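Below are the chains, spelled out letter by letter.
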Amino acid sequence: MTASPAPGLTVDGTGLLCVTLLLRLRKRIDGAAPGTVVHVIATDPAAPLDLPAWCHMTGHHYLGPLPDAEHPTYALQLAADARPTRPDAPWHRATP
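Treat the numbers as computed from the prediction; the structure is a model and nothing was measured. (Residues numbered from 1 in each chain as written. Predicted model: local features only at pLDDT ≥ 70, side-chain atom pairs only at ≥ 80, totals over all residues. Heavy atoms only, no water.)

Remarks on the overall build of the chain
Right, so step 1: A tally of helices and strands in the chain yields 2 helices and 6 strands.
Right, so step 2: Along the chain, helices (α) and strands (β) appear in the sequence β-α-β-α-β-β-β-β when read from the amino end.
Right, so step 3: At 12 Å, the chain has a C-alpha radius of gyration in line with the 12 Å of a compact globule built from 96 residues.
Right, so step 4: The C-alpha extent of the chain, read off along each of the three principal axes, is 40 × 25 × 20 Å.
Right, so step 5: When each of the 96 residues of the chain is scored for burial, the buried share is 39%.
Right, so step 6: Long-range pairs, those at least 24 residues apart, make up 65% of the contacts in the chain with a sequence separation of at least 6.
Right, so step 7: Summed over all atoms, the accessible surface of the chain reaches about 5,500 Å², with 58% contributed by carbon and sulfur.
Right, so step 8: With 7 positive and 8 negative side-chain charges, the chain shows a separation of 10 Å between the mean positions of the two kinds. (Helix = DSSP H or I, 4+ residues; strand = E, 2+ residues; numbered from the N terminus. Rg over C-alpha atoms; globule rule 2.2 N^0.38 Å. Buried < 20%, exposed > 50% of the residue type's maximum accessible area, 1.4 Å probe, protein only. Contact = heavy atoms within 4.5 Å. Areas by Shrake-Rupley, 256 points an atom, 1.4 Å probe, with all protein chains shown as cover. Lys, Arg positive; Asp, Glu negative; His and termini not counted. Charge placed at Lys NZ, Arg CZ, Asp CG, Glu CD.)

Next up, the structure:
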């Protein structure tokens with residue numbers, strides 16, 4: 001990825017495992033406008049796999065890692081038609 005638009009939100013997941021990171025991410029983006037760019041700081045080694053997978057599951061757009069960031073940072077853009085996830089388990093889709 002060469003460049004990402006400036007973030008509307010930044011979620012700091014430094015030191016968090018991806019499970020906890022996704023809980024924090026889901027809570028922070030709740031109510032954010034579609035199109036918002038979110039930068040996620042994530043030190044968990046699984047983040048480069050888990051964040052794109054979560055975006056694929058929910059319908060948000062994974063923009064990729066930020067190569068010049070001071071800490072491992074990944075960008076995503078919120079989708080208008082994103083599929084909701086459970087508040088207590090954002091790695092599972094919400095049931096209708």
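Now that the structure is up, let's keep going.
Brief notes about the packing of helix α1 (residues 18–29) against helix α2 (residues 47–58)
Right, so step 1: The N-to-C vectors of α1 and α2 enclose an angle of 40°; their axes lie 11 Å apart at closest approach. One element, α1, and the other, α2, form an angle in the oblique class. Remark: the crossing between α1 and α2 carries right-handed chirality. Contacts between α1 and α2 involve C18, L21, L22, L25 and I29 from the former and A47, D50, L51 and W54 from the latter. (Axes fitted to C-alpha atoms, helices over the stretch in contact; angles between N-to-C directions. Parallel < 35°, antiparallel > 145°, perpendicular 65-115°, else oblique. Left-handed = near helix turned anticlockwise from the far one by under 90°.)

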